[in-house]
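# Survey of secondary and tertiary structure
Single-letter residue listing:
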Amino acid sequence: MPRRRHFRAAEAALAVLLLTVGTACGSRLPESDFEHRERASPAQDRTPIRVGIVTSATSPVGGSAFTGPRDGAKAYFERLNARGGLDGHRIEVRECDDGGSGVGDNTCVHRLIDEDKVVALVATTVLDYAGASRVSHARVPDIGGQPIGAAYDTWPHLYGIYGSLAPRDGTTGWDGKQYGGTEVYRYFKREHGARTAAVVSYNQAASAAYARLVEQGLKAEGYKVVTEQVDFALPNFRAVAADLKEQGADLVFDAVDSHGNAQLCEAMDKAGVEVTAKVTNVQNWTSTVQDDYKDAPRCRNALWATGSSRNFEDVGNAAVREFRDATKGLRTHSQWQLEGWAAAKWFAAAAQSCAPQGITRACVDAHMNRSQDYTADGLLLPVRFERLAEPPKSRRTCLSVARWQDGRGWVSQGDMDRTCFDVPQLPYQQ
């Protein structure tokens, strides 16, 4: 079934690098995951099931950049425990903050796997996943992690939230290259008639590399591409905004950090730049837009986000409504929180399938390895894990699209299960 992978790992890695320098069909739980069940394990065995969550909560990026998936996963487990646990067992969450360093990540992995003996890792979201090979060699399933680096397209036993088609034999992707589609660019071209796209970047290596990646995809879709580069230390966004207006850009993509985005939007508003869309990614799909872009109302209302999961504002959907009800105590909401919730839900489905014979690392991993088209009750586009010998030349891929509107928040644009395109798969390296 179709799913989306628009250079997702590269997008996340780029955002992280910029911020750093800047400062199944397998079994699943039914409609209610939380209902009382007949217990297959002996009545006297109520040992908690330990899971680990590694997050770069105190990384150089800042305290809130990586915590969304963790918070969503914890909310799911808390609700599951409040309603009796999983097959009568409480889920015991062991957290570890790796501080955003490779050394810290290895320390967390050692503690959780070797000392705490967790059954699985869930919703891993880290700046430098240096411990990935150790997780894989220990055969501990890592479920629903965010592909900030290349680990989820490199190692077996790691199951990223968006799936993977790569061999995952210890070498990244295919001969070191990963592949992603052009569906985002196709969407704006077909649905909104966009023809000219601008790509704004810093004169900094990671930023420039990602800008070239976006430019490659846009050109493959037939866009006229306008490139804009600013000095990282002293960015002149006013000059960029003036040129965007002169060039008549329909779309603006960026390879700059959140602070730079806000400055760019403010400059665009002051210059009177009007675009079809200022396009951002899933990491910035949050409820804080009103404050983040408070000085750029026109640009703010041109913000669009694309991803592979159902809009966290879609409370008309039962699965989203369940997530929002369980997280109503959180100060803010984000798409990454919803994806962390989905990751925890995925673990619960795998563990539930293992309950009759015992919830072990090996059993949970075997379930994950068979996962095909998992959707977390419709929260995710169908997720697959295959080991293709050759990279696909093209794929039918789908995407979730939302637009920010003051007073309404993020408004979904169409049905993500039907917003699908047959697009080429282009190589990239991180």
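Data block above holds the structure.
Residues numbered from 1 in each chain as written. Predicted model: local features only at pLDDT ≥ 70, side-chain atom pairs only at ≥ 80, totals over all residues. Heavy atoms only, no water.

### Focus on the sheet that holds strand β11 (residues 303-307)
- What the seven strands build is an open sheet, ordered β8-β7-β9-β10-β11-β15-β16; its pairing is mixed. Across the chains shown, the open sheet's two edge strands, defined by having one partner strand only, are β8 (224-230) and β16 (409-412). In this sheet, adjacent strand axes meet at a mean angle of 30° when their direction is disregarded.
- Pairing analysis gives seven bridges linking strand β7 (residues 196-202) to β8, with the strands arranged parallel. Its bridge partner being in β8, V199 is matched across the sheet by T227.
- On top of the sheet, helix α7 (residues 237-247) reaches β7, β8 and β9 (251-255); it is set at about 165° to β8, its chief contact. (Pairing = 2+ DSSP bridges. Helix = DSSP H or I, 4+ residues; strand = E, 2+ residues; numbered from the N terminus. Axes fitted to C-alpha atoms, helices over the stretch in contact; angles between N-to-C directions. Contact = heavy atoms within 4.5 Å.)

### A closer look at the pattern of salt bridges
- This structure, assessed with the given rule, holds 23 salt bridges.
- For D116, the salt bridge goes to R111, with nearest N and O atoms at 3.8 Å.
- Its salt-bridge partner being D377, residue K345 comes within 3.3 Å of it at the nearest N-O pair. With K345 in helix α12 (residues 335-354) and D377 in the loop between β12 (372-374) and β13 (383-384), this pair connects stretches of sequence that are 32 residues apart. (Salt bridge = Lys/Arg side-chain N within 4 Å of Asp/Glu carboxyl O.)

### Comments concerning the nonpolar core
- V122, M268, F347, V364 and W410 are the most contacted members of the largest nonpolar core, which has 80 residues in total.
- Element by element, the count of residues in this core is highest for α12, at 13 residues.
- Among residues more than four places away in sequence, those in contact with M268 are A241, L244, V252, V273, V275 and C299. (Core = buried A, V, L, I, M, F, W, Y, C linked by side-chain atoms within 4.5 Å. Buried < 20%, exposed > 50% of the residue type's maximum accessible area, 1.4 Å probe, protein only.)

### Focus: the packing of helix α11 (residues 318-326) against α12
- Across the interface, α11 lies against α12 with an axial gap of 11 Å and an inter-helix angle of 105°. On the basis of the axis angle, α11 is roughly perpendicular to α12. Taken together, the residues of α12 that come into contact with α11 (itself represented by V320, E322, F323 and A326) are Q337, L338, W341 and K345.
- Here the contact of α11 with α12 is composed, by residue class, of five nonpolar, one polar and two charged. (Parallel < 35°, antiparallel > 145°, perpendicular 65-115°, else oblique. Nonpolar A, V, L, I, M, F, W, Y, C, P; charged D, E, K, R; others polar.)

### Observations regarding the sheet that holds strand β2 (residues 91-97)
- Spatially, β2-β1-β3-β4-β5 is the arrangement adopted by the five strands of the open sheet, whose pairing is parallel. Every other strand in the sheet has two partners, leaving β2 and β5 (158-160) as the edge strands with one partner each. Sheet twist, expressed as the mean angle between neighbouring strand axes with direction ignored, is 25°.
- Alignment of strand β3 (residues 120-122) against strand β4 (residues 142-145), held across two bridges, turns out to be parallel. Note on β4: the bridge partner recorded for L121 is D142.
- Against the sheet, helix α2 (residues 67-82) contacts β1 (49-55), β2 and β3, and its axis sits at roughly 160° relative to β2.

### Quick word on the pairing of strand β17 (residues 420-428)
- Note: strand β6 (residues 178-181) against β17, four bridges, orientation antiparallel. Within β17, the residue paired with G181 across the bridge is Q425.
- Taken together, the five bridges between strand β14 (residues 394-398) and β17 define a ladder with antiparallel strand orientation. When the sheet's bridge partners are listed, R395 is paired in β17 with V423.

### Notes on the state of the cysteines
- With the rule as written, the count across this model stands at four disulfides.
- Across the disulfide from C265 sits C299; the S-S distance is 1.9 Å. Classification of the bridge connecting C265 and C299 rests on its S-S torsion, roughly -40°, and on that basis the disulfide is left-handed. On the criterion of sequence distance, the pair formed by C265 in helix α8 (residues 258-271) and C299 in helix α10 (residues 297-300) is long-range, its members being 34 residues apart.
- Exposure remark for C299: the relative accessible area of 4% places this residue in the buried category. (Disulfide = S-S within 2.5 Å.)

### Focus on the environment of E386
- If you trace the backbone, E386 turns up in the loop between β13 and β14.
- Its relative accessible area of 26% is what places E386 among the partly exposed residues.
- Residues E386 and P167 lie 219 residues apart in sequence; the distance between their C-alpha atoms is 7.4 Å.
- Those residues within four positions of E386 in sequence are excluded, and the remaining contacts are S164, L165, A166 and Q372.
- Within the local environment of E386, its side chain forms a polar contact with the side chain of R384, the two groups lying 2.7 Å apart. (Polar contact = N/O pair within 3.5 Å; in protein donor to acceptor, adjacent residues only side chain to side chain.)

These values are about where atoms sit, not about what they do.
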